[in-house]
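Topology and contacts: notes
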Amino acid sequence: MTSPAFESLIARASALARDDASPADCVLALAPSMLELIERATTFLEPRHYQSDPDHYARHLVYAAPDESLSLYALVWSPGQWTPVHDHGSWGVVGVLEGVLEERSYLRQSPDRAAEEGIRLARGGVTLLGRGAVTSFVPDPDHIHVTGVPPQRPGAVSLHLYGRMMDSFNTYDVSAGTRRRVPVAHDSGGIKR
Ligand SMILES: [Fe+2]
């Protein structure tokens with residue numbers, strides 16, 4: 001299923017990728033498109049994109065660019081489901097369709113951004129993203145965070161557009177001070193164009 005808002009966002013994002021636009025320019029241009037898209041989610045999302053998983057937050061691929069320069073996912077969060085502490089190594093634009101998505105940021109205190117160990121992270125701010133909210137991030141320095149929904153709040157559904165296929169991300173063990181790249185294995189599959 002497609003809609004003008006969906007086609008418009010993909011066309012705009014594809015043009016930016018083709019022009020090798022900077023991450024900051026990508027999120028600046030695409031955040032307003034995401035705002036429009038979340039108002040029209042029912043015109044292109046299907047019931048399967050809203051399905052939750054009892055074991056972890058559910059991740060449904062909605063769109064993957066043929067050259068893998070873009071990916072759009074619908075994420076479904078049940079109460080109490082969280083990501084690990086992670087960064088994406090990519091720019092991203094996130095819009096909230098249902099519920100309140102919580103993001104807790106971490107600030108890297110150790111100077112070597114490439115280090116896989118000896119990483120010191122401090123807890124940073126908390127952002128509560130209600131229905132209709134759009135947020136974004138750029139890499140370098142990486143945006144390190146956990147995202148999810150606390151047990152006491154209803155579940156949430158969000159759209160996530162990234163500047164690459166998000167089939168792996170960096171996860172952090174805060175107390176051990178380590179980072180490692182892990183595959184993101186729980187894609188449910190989706191529309192390939
Ligand atoms: Fe994230």
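Just above sits the structure.
Heads up: these notes are all about the structure in this document. (Residues numbered from 1 in each chain as written. Predicted model: local features only at pLDDT ≥ 70, side-chain atom pairs only at ≥ 80, totals over all residues. Heavy atoms only, no water.)

1. Quick word on the pattern of salt bridges
The full count for this structure, using the stated rule, is seven salt bridges. Of the charged contacts in the structure, one is a salt bridge between Glu-102 and Arg-153, with a shortest N-O distance of 2.5 Å. Remark: Arg-153 occurs in the loop between strand E8 (144-148) and strand E9 (156-162) and Glu-102 occurs in strand E5 (residues 101-108); sequence separation between them is 51 residues. By relative accessible area, which is 7% here, Glu-102 ends up buried. The shortest N-O distance in the salt bridge between Asp-167 and Arg-164 comes to 3.8 Å. Judged by relative accessible area, Asp-167 falls into the partly exposed class, the value being 42%. Salt bridges linked by common partners bring Arg-108, Glu-116, Asp-142 and Arg-179 together as one network. (Salt bridge = Lys/Arg side-chain N within 4 Å of Asp/Glu carboxyl O. Helix = DSSP H or I, 4+ residues; strand = E, 2+ residues; numbered from the N terminus. Buried < 20%, exposed > 50% of the residue type's maximum accessible area, 1.4 Å probe, protein only.)

2. Brief notes about the environment of Leu-28
Turning to its location among the elements, Leu-28 is positioned in helix H2 (residues 23-39). A C-alpha to C-alpha distance of 32 Å links Leu-28 and Asp-53, two positions 25 residues apart in sequence.

3. Quick word on the layout of surface pockets
Put simply, the largest pocket is a space of about 170 Å³. Forming the boundary of the largest pocket are Ile-38, Glu-39, Arg-40, Ala-41, Thr-42, Tyr-50, Val-96, Leu-97, Glu-98, Arg-131 and Gly-132. Of all the secondary structure elements, the ones that give two or more residues to the lining of the largest pocket are H2 and strand E4 (92-98). The element best represented in the lining of the largest pocket is E4, accounting for three residues. The residue makeup of the lining of the largest pocket, split by class, is five nonpolar, two polar and four charged. (1 Å grid on protein atoms, 1.4 Å probe; cavity = no way out; pocket = protein on both sides within 12 Å on 5 of 7 lines; lining within 4 Å. Points joined across faces, edges and corners; volume = space filled by probe spheres on them. Nonpolar A, V, L, I, M, F, W, Y, C, P; charged D, E, K, R; others polar.)

4. A word on helix H1 (residues 4-18)
Between its first and last C-alpha atoms H1 spans 21 Å; for 15 residues at 1.5 Å apiece the expected length is 21 Å, and the two agree. Buried within H1 we find Ala-5, Phe-6, Leu-9, Ile-10, Ala-13 and Leu-16. The arc that holds the buried residues of H1, viewed along the axis, is 130 degrees, so those residues lie on one side. Facing away from the buried side of H1, by more than 90 degrees, are the exposed residues Pro-4 and Arg-18. (Expected span 1.5 Å × (residues − 1). Arc of directions from axis to C-beta.)

5. Examining unusual backbone geometry
Trans peptide bonds make up the majority, and among non-glycine residues the majority have a negative phi. Cis geometry marks the peptide bond from Asp-140 to Pro-141, where omega comes out at 5 degrees. With a phi angle near 55 degrees, Asp-20 is a residue other than glycine that sits in the positive phi range. Looking at where Asp-20 falls in the secondary structure, it is placed in the loop between H1 and H2. Notably, Asp-140 is not glycine yet its phi reads approximately 55 degrees, a positive angle.

6. Describing the pairing of E8
Burial runs high along E8: five of the five residues are buried. Across the two faces of E8 the burial is the same, with Ile-144, Val-146 and Gly-148 and His-145 and Thr-147 all buried.

7. Some points on the side chain of Glu-46
Along the chain, the position of Glu-46 falls in the loop between H2 and strand E1 (58-64). Here Glu-46 falls in the buried class, since its relative accessible area comes to 18%. Polar contacts involving the side chain of Glu-46 include one to the side chain of Arg-48, which spans 2.9 Å. (Polar contact = N/O pair within 3.5 Å; in protein donor to acceptor, adjacent residues only side chain to side chain.)

8. Remarks on empty space enclosed by the protein
By the definition in use, this model includes one cavity of 30 Å³ or more. The volume enclosed by the largest cavity comes to roughly 130 Å³. In terms of lining, the largest cavity is formed by 18 residues, of which the most central are His-88, His-145, Thr-147, His-160 and Tyr-162. Each residue belonging to the lining of the largest cavity can be placed in one class, and the counts come to nine nonpolar, seven polar and two charged.

Keep in mind these values describe shape, not function.
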